[in-house]
Amino acid sequence: MKKLQWIFGGTASLAAVVILLITSFQAAMYVDFGVYQREYEKYEVLDDLGMEMDDVMYVTREMMAYLKGERDVLSVVTMVEGREQDFFNEQDRLHMEDVQGLFLGGLALRRIAAAVLAVSLAVLFIWKADLRKILARSYQITVAILGVLILLLGIGISRNFNAVFTKFHEIFFDNDLWLFDPAEDYMIRMLPEGLFFDMVIRIGVLFLGGLAFLLICSILCRQKRQAGDKEEN
């Protein structure tokens, strides 16, 4: 029974980390649309696009709505280089359809993780397990293991972000539609590699901040439990 309790504790911790990671992605991408305007100004994308900021932000909002499944077709007619035209071409639509599938899949995974977390907690509660001990310790072990992976990823990103970025696409996409020509494609001009690097940092800060907060809570919880044990003795 004890081993099973620790298994459910570890499962609950892993589910919580998955929920936190996907929520960090969503928050970084959707909570503050002003970040996109600041990025566009930073990388001077208006000059590359021949567009006004209001039009670029309109395209951005429609694109992000599409990723959440709120638009059936990725098509945005606006002023580009002095002409009214569709900002997105066929390759854009095909690739973003893949990206949408990945994003919606992530949201579905979060719902599954939430269900797993709820079931794990319910089982531990029914079994009258020592929740403070099991959950706190399980989470700390999970974070320790995850910390090694995060460190390796961080080293890779700091040394060669392009290589990591390329490997990500090779793993998650089974085609080469993500390879764009800036001379022909407006979307890649709007979304330079530097913007993706900044977004990864933004996601990382949110994710690590959430991990740290839960870690502190787990440490305080264990300390409180240990103090209670000493008083009983």
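A few points on the structure. (Residues numbered from 1 in each chain as written. Predicted model: local features only at pLDDT ≥ 70, side-chain atom pairs only at ≥ 80, totals over all residues. Heavy atoms only, no water.)

## Let's talk about the overall build of the chain
Our working definition: Strands are runs of DSSP state E lasting at least 2 residues, helices are runs of H or I lasting at least 4, and numbering of each runs from the N terminus. Radius of gyration here uses only the C-alpha atoms, and the compact-globule reference equals 2.2 Å multiplied by the residue count raised to the power 0.38. Burial classification: accessible surface area is computed with a 1.4 Å probe over protein chains only, and a residue below 20% of its type maximum counts as buried, one above 50% as exposed, and the rest as partly exposed. Residues are treated as being in contact if the distance between any of their heavy atoms lies within 4.5 Å. Each accessible area is a Shrake-Rupley estimate made with a 1.4 Å probe; only the visible protein chains count as cover when residues are assessed.
Regarding its fold elements, the chain presents nine helices and two strands. Ordered by position in the sequence, the α and β elements of the chain form the string α-α-α-α-β-β-α-α-α-α-α. Here the chain has a C-alpha radius of gyration of 22 Å; the compact-globule value for 233 residues is 17 Å, and the former is much larger. Its C-alpha atoms give the chain principal-axis dimensions of roughly 80 × 35 × 30 Å. For the chain, the residues scored as buried account for 34% of the 233 residues in total. Restricting the contact set of the chain to residue pairs at least 6 apart, pairs at least 24 apart contribute 76%. Summed over all atoms, the accessible surface of the chain reaches about 13700 Å², with 62% contributed by carbon and sulfur.

## A closer look at the environment of Tyr58
Counting through the fold element by element, Tyr58 comes out in helix H4 (residues 53–67). Sequence separation of Tyr58 and Val77 is 19 residues, and the distance between their C-alpha atoms is 9.9 Å. Beyond its immediate chain neighbours, meaning those up to four positions away, Tyr58 contacts Val76, Val77 and Thr78.

## Some details on helix H5 (residues 90–126)
Selection rule: The length a helix should cover is 1.5 Å for every residue beyond the first. Pairing of N or O atoms within 3.5 Å defines a polar contact, subject to two protein rules: one partner must be a possible hydrogen donor and the other a possible acceptor, and residues neighboring in sequence count only if both atoms are side-chain atoms.
The end-to-end C-alpha distance of H5, which contains 37 residues, comes to 54 Å, matching closely the 54 Å that a straight helix rising 1.5 Å per residue would cover. Every buried residue belonging to H5 is among Asp92, His95, Met96, Gln100, Phe103, Gly106, Leu107, Arg110, Ala113, Ser120, Val123 and Leu124, and all of these are buried. Contact partners of the buried residues in H5: helix H1 (2–30), H4, helix H6 (131–159), helix H7 (161–172) and helix H8 (186–190). For H5, the N-terminal capping position is held by Asn89, with its side-chain oxygen 3.1 Å away from the main-chain nitrogen of Gln91. Just past H5, the residue Lys128 takes up positive phi, approximately 55°.

## Some thoughts on unusual backbone geometry
A negative phi angle characterises most non-glycine residues, just as the trans form characterises most peptide bonds. Of note in this structure, Glu44 is not a glycine but carries a positive phi near 50°. Turning to its location among the elements, Glu44 is positioned in the loop between helix H2 (34–42) and helix H3 (45–49).

## A short note on the environment of Asp98
Inspection of the secondary structure assignment puts Asp98 in helix H5. Taking relative accessible area as the criterion, Asp98 reaches 29% and is therefore assigned partly exposed. Placed 30 residues apart in sequence, Asp98 and Lys128 show a C-alpha to C-alpha distance of 45 Å. Aside from chain neighbours lying at most four places away, what touches Asp98 is Phe173, Asn175 and Leu177.

## Things to note about the packing of H4 against H5
To describe two helices that pack against each other, one gives the angle between their axes and the distance between the axes. The condition that has to hold: To get an axis, fit a line to the C-alpha atoms, keeping to the stretch in contact for a helix; angles then go from 0 to 180 degrees between the N-to-C directions. To sort the angles, those under 35 degrees are grouped as roughly parallel, those over 145 as roughly antiparallel, those from 65 to 115 as roughly perpendicular, and the leftovers as oblique. By the convention adopted, Pro, Cys, Tyr, Trp, Phe, Met, Ile, Leu, Val and Ala count as nonpolar, Lys, Arg, Asp and Glu as charged, and the other residues, Gly among them, as polar.
Orientation of H4 relative to H5, taken along the N-to-C sense of each, is 55°, at an axis distance of 8 Å. Judged on the interaxial angle alone, H5 and H4 are oblique. Of the residues in H5, those touching H4 at Met63, Tyr66 and Leu67 are Arg93, Met96, Glu97, Val99, Gln100, Phe103 and Leu104. Residues of the contact of H4 with H5, tallied by class, amount to seven nonpolar, one polar and two charged.

## Side note on the packing of aromatic side chains
Selection criterion: The criterion for an aromatic pair is that two Phe, Tyr or Trp rings (for Trp, the six-membered ring) have centres within 6.5 Å, with stacked assigned to planes under 30 degrees apart, edge-to-face to planes over 60 apart and tilted to the rest.
As enumerated under the stated definition, the model contains 11 aromatic pairs in all. Look at Phe8 and Trp127: their rings are 5.5 Å apart centre to centre, the planes differ by 90°, and that puts the pair in the edge-to-face class. Of the two residues, Phe8 is situated in helix H1 and Trp127 in the loop between H5 and H6; the sequence distance between them amounts to 119 residues. Overall, the relative accessible area of 24% leaves Phe8 in the partly exposed class. When the centroid spacing of 5.1 Å and the interplanar angle of 40° are considered together, the rings of Phe165 and Phe196 count as tilted. Of the two residues, Phe165 sits in helix H7 while Phe196 sits in helix H9 (residues 193–232), which places them 31 residues apart along the sequence. Residue classification places Phe196 among the partly exposed positions, given a relative accessible area of 29%.

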